[in-house]
Amino acid sequence: MKVFLAQNSGFCFGVKRAIRMALEVAQQDRVYSLGPLIHNPQMVEDLKDHGIEIASHAGDMRSSTVIVRSHGISEMERQILEQNGNQIVDATCPYVRRTHEIVKEMCESGYPVMILGDAGHPEVIGMLSYCEGDKEVVSPDFDPAGKTWHKLCLLSQTTMQMPDFLALVGRLVPHCQQLMIFNTICLATTERQHATRKLASHADLMIVIGGRNSSNTRMLYNICTAVTQTVLIETATELSADLLNNRQIIGLTAGASTPDDQIIIVYNKIMEINGNGDRVTEINAIPIFKEESC
Ligand code: SF4
């Protein structure tokens, strides 16, 4: 049995930056994040131990230090935080910030805004808040039949799949006189999904490691299930000998909010169940999948 990790698995730049900023301010003060700082229940518990608490609503805090998560907040939430005298530490990922600027600018220029994404996700709610005009959120299977637009601005939640975005563009073009397209899927996401798809096509089992509440982790799960048998786990305790038995190639991948140590623990657990004495202490020691690996 061989075990490989997909390239670019785990923490992305935006999540690393948000955690670093939160830990820095937590050294001086009690800090709140509006919703979990990261979509990973185990990591959220660790952060609590460092004094980073979760608040559910912007109105819950007064004169406190509040960290804004990598996927941002809405204009309204920002206003409430400011009105209540909170000090805002803004860890919105620059790629998400760019989507806010595009939505605002295009909306002010009179373009209806269409976002490919999950309407209930805080990142998308934040994006929508920058548009006072026509706006809609669509899913990958959106069918524009019977509709026409004189002009339209299309962009995406940062964690969507590129093939879905391209297919939507193709379907919209015949219905629009003018279509402004902004590729706002972040590069880290595209690369991780591409590497995961490649590994899944060679593996007879894919194990996706990450929070079940993480949008980009679920997206990796969807990519893998379309190709091979796949499980999504949050911790190594969910692994069993039954699952791993008689596998030739097991692929591992992890969402942008999965810390390295959770990936290492899963890898070592697979080795243990398989009766293999090899253990790793660093993420770099786990074999990365390359086409020539098979
Ligand atoms: S997935 Fe991309 S857009 Fe989202 S926080 Fe990470 S780097 Fe930023």
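Numbers given for residues are sequential positions, taken from 1 along each chain in its written order. Since the coordinates come from a predicted model, pLDDT governs what is reported: local features require at least 70, and pairs of side-chain atoms require 80 or more to be given and counted, while whole-chain, interface and lining totals use all residues. Based on all heavy atoms of the structure, the side-chain values leave hydrogens and waters out of the count.

Remarks on the site of the ligand
Phase 1 of the analysis: We define proximity as follows: a residue is near a molecule or strand when any one of its heavy atoms falls within 4 Å of that partner. Every residue near the ligand is listed here: Cys 12, Gly 14, Ser 70, Cys 93, Tyr 95, Thr 158, Cys 186 and Thr 189.
Phase 2 of the analysis: Each residue gets one of three labels, nonpolar for Ala, Val, Leu, Ile, Met, Phe, Trp, Tyr, Cys and Pro, charged for Asp, Glu, Lys and Arg, and polar for the others, Gly among them. Partitioning the shell around the ligand into residue classes produces 4 nonpolar, 4 polar and no charged.

Thoughts on the sheet that holds strand β1 (residues 2–5)
Phase 1 of the analysis: Pairing between strands is defined by DSSP: at least two bridges between the two strands are required. Secondary structure follows DSSP: runs of H or I at least 4 residues long count as helices, runs of E at least 2 residues long count as strands, and numbering of each begins at the N terminus. With parallel pairing, 4 strands are arranged side by side in an open sheet as β1-β12-β10-β11. Edge positions in the sheet fall to β1 and β11 (230–233), since each has one partner strand and no second. Across the sheet, the axes of successive neighbouring strands diverge by a mean angle of 20°, strand direction being ignored.
Phase 2 of the analysis: Pairing analysis gives 4 bridges linking β1 to strand β12 (residues 249–254), with the strands arranged parallel. Paired with Val 3 across the strands is Ile 250, a residue of β12.
Phase 3 of the analysis: For this analysis, residues touch if any pair of their heavy atoms sits within 4.5 Å. Only the stretch in contact is used when fitting a helix axis, every axis being a line fitted to C-alpha atoms; angles between N-to-C directions are given from 0 to 180 degrees. The sheet strands contacting helix α7 (residues 187–200) are β1, β10 (205–209) and β12, and the helix crosses β12 at an angle near 165°.
Phase 4 of the analysis: Packing of helix α10 (residues 260–273) onto the sheet brings it into contact with β1, β10, β11 and β12, and relative to β12 it is tilted by some 165°.

Comments concerning the domain arrangement of the protein
Phase 1 of the analysis: An automatic or database domain assignment supplies the residue ranges for each domain. Taken domain by domain, the protein holds domain 1 (2–10 + 189–293), domain 2 (13–93) and domain 3 (95–185).
Phase 2 of the analysis: A straight line from the C-alpha centre of domain 2 to that of domain 3 covers 27 Å.
Phase 3 of the analysis: Counting residues at the interface gives 13 residues for domain 2 and 11 residues for domain 3.
Phase 4 of the analysis: Simply put, the buried area is the total loss of 1.4 Å probe accessible area from both parts when two parts are fitted together. Of the roughly 900 Å² buried at the junction of domain 2 and domain 3 (both faces included), carbon and sulfur atoms supply 59%.
Phase 5 of the analysis: Salt bridges are defined as contacts in which a side-chain nitrogen from Lys or Arg sits within 4 Å of a carboxyl oxygen from Asp or Glu. Summed over the shared surface of domain 2 and domain 3, the number is 1 salt bridge.
Phase 6 of the analysis: Polar contact is defined as a pair of N or O atoms within 3.5 Å, subject to the rule that within protein one atom must be able to donate a hydrogen and the other to accept it, and that residues adjacent in sequence are counted only when both atoms are side-chain atoms. Scanning the region where domain 2 abuts domain 3 turns up 5 residue pairs in polar contact (both at pLDDT 80 or more).
Phase 7 of the analysis: Residues that form the side of domain 2 that touches domain 3 fall into these classes: 3 nonpolar, 6 polar and 4 charged.

What to know about the pattern of salt bridges
Phase 1 of the analysis: One pass over the structure, following the stated rule, counts 6 salt bridges.
Phase 2 of the analysis: Residue Asp 90 pairs with Arg 78 through a salt bridge whose shortest N-O separation is 3.2 Å. In this pair, Asp 90 is assigned in strand β5 (residues 87–90) and Arg 78 in helix α3 (residues 75–83), connecting sequence segments 12 residues apart.
Phase 3 of the analysis: Note on Asp 90: relative accessible area 24%, which makes it partly exposed.
Phase 4 of the analysis: Measuring nitrogen to oxygen at the nearest pair gives 3.2 Å for the salt bridge that ties Glu 108 to Lys 104. Residue Glu 108 and its partner Lys 104 are located together in helix α4 (residues 94–108), separated by 4 residues, close to a single helical turn.
Phase 5 of the analysis: A single network of salt bridges, built from pairs that share partners, joins Arg 78, Asp 90 and Arg 97. Whether a residue is buried, partly exposed or exposed follows from its accessible area with a 1.4 Å probe, protein chains only, as a fraction of its type maximum: under 20%, in between, or over 50%, in that order.

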